[in-house]
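Chain by chain, the residues:
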Amino acid sequence: MAVERKVYVLYTGGTFGMKKDDDGKLVPQSLDVIKDFIIRHTILYERRPGESEEAVRKRIISPDGLITLYHQLADDDPKAKGNQYKVLYEMDGLKPPIDSSNVTPKDWLAMYEKIEEHMEKYDGFVIIHGTDTMAFTSSALSFFLGKINKPVIVTGAQMPIFHPRTDGLDNFIGSMLMAGYFCDRPMLHQVMLYDLNKLYRGNRVVKFDCDSFSVFDSPDVFPLASLETTIKLFEHKMVEPIFHSSLKCKTFTPESIPEVRILRFFPGITENYVCGILNGADGVILETYGSGNVPNFKWLGDRLIEAYERGVLMLNCTQVYRGTVLPIYATFEKHVIPGYDITSEAAMTKMIWVLMSTFDQRTRCEIMKHSLYGESCAPPYCPLQPSVEPGPKGEREQTPK
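The structure contained in this document is the topic of the report that follows.

Reading the values: the criteria
Residues numbered from 1 in each chain as written. Predicted model: local features only at pLDDT ≥ 70, side-chain atom pairs only at ≥ 80, totals over all residues. Heavy atoms only, no water. Helix = DSSP H or I, 4+ residues; strand = E, 2+ residues; numbered from the N terminus. Contact = heavy atoms within 4.5 Å. Areas by Shrake-Rupley, 256 points an atom, 1.4 Å probe, with all protein chains shown as cover. Pairing = 2+ DSSP bridges. Right-handed = clockwise from strand over helix to strand, strands pointing away. Axes fitted to C-alpha atoms, helices over the stretch in contact; angles between N-to-C directions. Phe/Tyr/Trp six-rings, centres within 6.5 Å; stacked < 30°, edge-to-face > 60°. Buried < 20%, exposed > 50% of the residue type's maximum accessible area, 1.4 Å probe, protein only. Lys NZ or Arg CZ within 6 Å of the ring centre and 35° of its normal. Expected span 1.5 Å × (residues − 1).

**Structural notes on the overall build of the protein chain**
Scanning the protein chain from N- to C-terminus turns up nine helices and 19 strands. In the protein chain, the share of contacts with a sequence separation of at least 24, taken over all contacts with a separation of at least 6, comes to 69%. Of the roughly 18,100 Å² that the protein chain leaves accessible, carbon and sulfur atoms contribute 51%.

**With respect to the pairing of strand E15 (residues 260-264)**
Where E15 meets strand E16 (residues 283-288), five bridges bridge the pair, whose relative direction is parallel. Its bridge partner lying in E16, Val 260 is registered against Gly 283. What joins E15 to E16 is helix H6 (residues 271-278), and the crossover it makes is right-handed.

**Description of the sheet that holds strand E8 (residues 191-195)**
Here nine strands make up an open sheet; going across it, the order is E4-E5-E1-E6-E7-E8-E9-E12-E13 and the pairing mixed. The strands lining the two open edges of the sheet, one partner per strand, are strand E4 (67-68) and strand E13 (231-233). In this fold helix H4 (residues 134-145) packs onto strand E6 (124-128), strand E7 (152-155) and E8, with an angle of close to 160° to the strand it touches most, E8.

**A short note on the packing of aromatic side chains**
Evaluated as defined, the whole model comprises 13 aromatic pairs. Seen from their ring centres, Phe 16 and Phe 172 are 6.3 Å apart, and the 50° between their planes marks the pair as tilted. With a gap of 156 residues between them, Phe 16 in the loop between strand E1 (3-11) and strand E2 (18-20) and Phe 172 in helix H5 (residues 168-180) connect regions that are remote in the sequence. Like Phe 16, the residue Phe 172 is buried in the burial classification. Their ring planes at 80° and their centres at 5.6 Å tell us that Tyr 45 and Tyr 70 sit as a pair that is edge-to-face. Linking Tyr 45 in helix H1 (residues 31-46) with Tyr 70 in the loop between E4 and strand E5 (85-93), this pair joins segments that are 25 residues apart in sequence. Under the relative-accessibility criterion, Tyr 45 is labelled partly exposed at 44%. On the basis of relative accessible area, Tyr 70 is assigned to the buried category, the value being 4%. Directly above the aromatic system of Phe 162 lies the positively charged group of Lys 19, at a separation of 4.8 Å from the ring centroid.

**Here we look at helix H8 (residues 344-355)**
With twelve residues, H8 should reach 16 Å at 1.5 Å per residue; the first-to-last C-alpha distance of 16 Å fits that figure. Most of H8 is tucked away, with twelve of its twelve residues classed as buried. Among the residues making up H8, those that are buried are Ser 344, Glu 345, Ala 346, Ala 347, Met 348, Thr 349, Lys 350, Met 351, Ile 352, Trp 353, Val 354 and Leu 355.

**Examining unusual backbone geometry**
The linkage connecting Lys 95 with the following residue, Pro 96, adopts the cis geometry, with an omega of -5°. One can find Pro 96 in the loop between E5 and helix H3 (105-118). Positive phi, close to 45°, is recorded for Leu 196, a residue that is not glycine. Structurally, Leu 196 is set in the loop between E8 and strand E9 (198-201).

Just distances and angles here, no functional claims.
Here it is, written out as structure tokens:
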């Protein structure tokens, strides 16, 4: 009997599922149109001699609507040899589809809730997303979902799947392969991002090119896997995240989304500009020079101290492509937390998650100083107490026991 693995596919929008309208503008297609196109592509590989398209459809689509993934992919899993592996998937979507440049934290919550709702039923998850803010979404989901024991892979496309030169189908197939056939690999039990034959940790990526099919990179850590003529999982290069089971968060609601801002330093920065960012913020990501440098203006130190005393959470990240901010600069002293090599995307989404939590201010600072889910090379988080006491009614455990 075939070993069945099930993957839940969530289409959220983006170039992946767009077609040009009569005016030549890209517009999102319905989930049914996208699903039918992928099924017809599958038929190209599954059709037997003399078999009609209708017969193939009946064979690869189960009575309950699950679609069979390409059988030939089983040959790429070395553990599948001699076994009859079968991957089935369901396609679902957010309504309406979202252009990723319009994504907000509320949309992260909608994706999080969809995955949570189906977590027990499926062996792996693939989220189809626009590339512009994909690194923010993959970072956010790594914190919202916490410790998981199944792969969650975010992917997308630079060209729609309906275009002859699309990268979308390759990204979809590679993501499905890793989420389905490789779902039992512990190193893949986390939120990840798949792009051009590379699988990355989701909270370690940045978009660095908008004109190439190679869109994303992980500046400070090695990819988790490479899918070339052979598939390689780089377990020996992986920095193992430490998941702590004491982290508890309240149920996320759109009303609880905090005000997190980015303060990017530049020559000639003014006090008025800095105050405009700091005033009214719940948290601020400071994008500083090099390894964490800022001008040594007295007014800057005074404004940062005032923000700290108001309870503003501040994290120092480098604005350069690759590098590390260490706790060595006197300008900041205790008022600004060093971000080490965390990306701006992961820094912002982590801060939003922390500020949405029921942690007190001291615990929030401690969490921001440490790495929770492999998002930086900072020391791993060790709670101040054996466990964080649950707060008001309605809270949920962020990481499973």
